[in-house]
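One-letter residues, chain by chain:
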Amino acid sequence: MKGSPGKSREALLSPDALRPVLDEIYEGAAERDAHPDFPHAPFRALVRAGVLGMALPEEITSPGERPRRFPFSEEWSTLRAVSKADGSVGRILDGHFNGTERVAALAPEPLRSRELEEIAAGRLLLGVWGADPIPGEGEPARLSKAGGEPVVEGTKTFCSGATGVDRALILARPPEGSPPGPPLLVYLALDESVEVDRNWFRGAGMRASESHRVIFHGTPVLAILGEPGELAREPYFNRDAIRTAFCWAGMSDRAVDAALDTLAAKTGGEPDEALSLAAGRILEAQATIDRWLEHAARAADADPTASLSPFAIHLRERVARCCREILDEAARACGSRPFAVADDLDRARRDLELFLLQHRLEPALARAGREEIRRRAG
């Protein structure tokens, strides 16, 4: 990845080097929340720091750099830090890392090498868009043909980064008349055939994530990646899910800092027993998140080919529950003022509550419980 002359990727991505980038992202977060737009400036800063290349495979490097893939522990902790600075930026970065891994694993040559080199140079930002429209929002995205070449027609929703990413991996249905089956993972270059409905997303949270409805009008296909149902392939599927949990954790970190700063200011450093207990519960929930995510990162680094499915749903459920505990304790302890003046706690709560609602964990948790009961029954 392009960076300062004479500096390695490791030097660019050291905590000391990243601190100014994170500070810059955080300082603009409130303005982006108030006046939503794609966070171009934060991503320019992340390009300069080398962050967009963290999920690249080891053979894609700039001249003179030591080839290696960054450990998941480093990539994911960086994503958590970015999400703490601005949840919207973290959400888009999450999708970019997910997409980079899939292109590296599945894209045919020479497309693969060309795309990964553009990512390494900071010239491509990727999104992964899976959500289908509900009735009344348009027809689901589907493969078709135009001039004998594959194209995509139809609609996707919750398309994070829609007004700023360069490529998208989307789930599309097979062409009309094909046998029913799982959706296909389709890789697209986003050109003038892509219509972004900026009036669709009016959420209270993650306002700068630009998670709009997108309509494809014969958008050319760069590649169909893998087989039908490819998005659920391991080890990538649950690695994607855990990566998203690091985003949740970063947003909750912002809520923790905002709540504790508010309590310190309100009490002058002498809280009563009730506020002290609330702070203790907030810290306990944060520590629980830390332990789960440390376990996941160690497992991923120990064997990048292994599926994390044995514990991924339990991790996500526990992290989500701890995030909600942090938000609830913080709101009760801090009272209405943070939400009346829209400070950091208010923004973190809006971002995190919306993001958590996009992931339905109960069905997977129920499935895990059902399978264990059936196993014991015999």
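In this report, we go over the structure that sits alongside the text. (Residues numbered from 1 in each chain as written. Predicted model: local features only at pLDDT ≥ 70, side-chain atom pairs only at ≥ 80, totals over all residues. Heavy atoms only, no water.)

### Brief notes about the overall build of the protein chain
- When helices and strands are tallied, the protein chain shows 13 helices and seven strands.
- The C-alpha extent of the protein chain, read off along each of the three principal axes, is 70 × 60 × 45 Å.
- Within the protein chain, buried positions represent 51% of all 378 residues.
- With 49 positive and 59 negative side-chain charges, the protein chain shows a spacing of 3 Å between the two charge centroids. (Helix = DSSP H or I, 4+ residues; strand = E, 2+ residues; numbered from the N terminus. Buried < 20%, exposed > 50% of the residue type's maximum accessible area, 1.4 Å probe, protein only. Lys, Arg positive; Asp, Glu negative; His and termini not counted. Charge placed at Lys NZ, Arg CZ, Asp CG, Glu CD.)

### Description of the pairing of strand S7 (residues 212-225)
- Relative to S7, strand S3 (residues 149-159) runs antiparallel, the two sharing seven bridges. Each bridged residue has a counterpart across the sheet, and for Glu153 the counterpart in S7 is His217.
- Relative to S7, strand S5 (residues 184-189) runs antiparallel, the two being bridged by four bridges. What sits directly across from Tyr187, in S7, is Ala223.
- In this sheet, S7 lies alongside strand S6 (residues 194-197) in antiparallel orientation, the contact comprising four bridges. The residue bridging Asp197 from the neighbouring strand is Arg213, located in S7. (Pairing = 2+ DSSP bridges.)

### Here's the deal with unusual backbone geometry
- Between Glu109 and the following residue, Pro110, the backbone shows a cis peptide bond with an omega angle of 5°.
- Examined against the element boundaries, Pro110 turns out to sit in the loop between helix H6 (87-106) and helix H7 (111-120).
- With an omega of 10°, the peptide bond between Glu234 and Pro235 qualifies as cis.
- Relative to the helices and strands, Pro235 resides in the loop between S7 and helix H8 (236-267).
- Within the chain, Met206 stands out as a residue other than glycine whose phi angle is a positive 50°.
- Assignment of secondary structure puts Met206 in the loop between S6 and S7.
- Phi is positive for Glu210, close to 50°, though the residue is something other than glycine.

### Looking at H8
- Here H8 is 32 residues long and its end C-alpha atoms lie 47 Å apart, about the 46 Å a rise of 1.5 Å per residue gives.
- The buried fraction of H8 is high, at 24 of 32 residues.
- After H8 finishes, the residue Gly268 shows a positive phi value of roughly 65°. (Expected span 1.5 Å × (residues − 1).)

### As for the pairing of strand S4 (residues 167-172)
- Extensive coverage of S4 is indicated by the burial of six of its six residues.
- Burial along S4 is two-sided: the face carrying Arg167, Leu169 and Leu171 and the face carrying Ala168, Ile170 and Ala172 are both buried.
- Pairing geometry for strand S1 (residues 126-129) and S4, over four bridges, is parallel. Paired with Leu126 across the strands is Arg167, a residue of S4.

Purely geometric numbers; function is a separate question.
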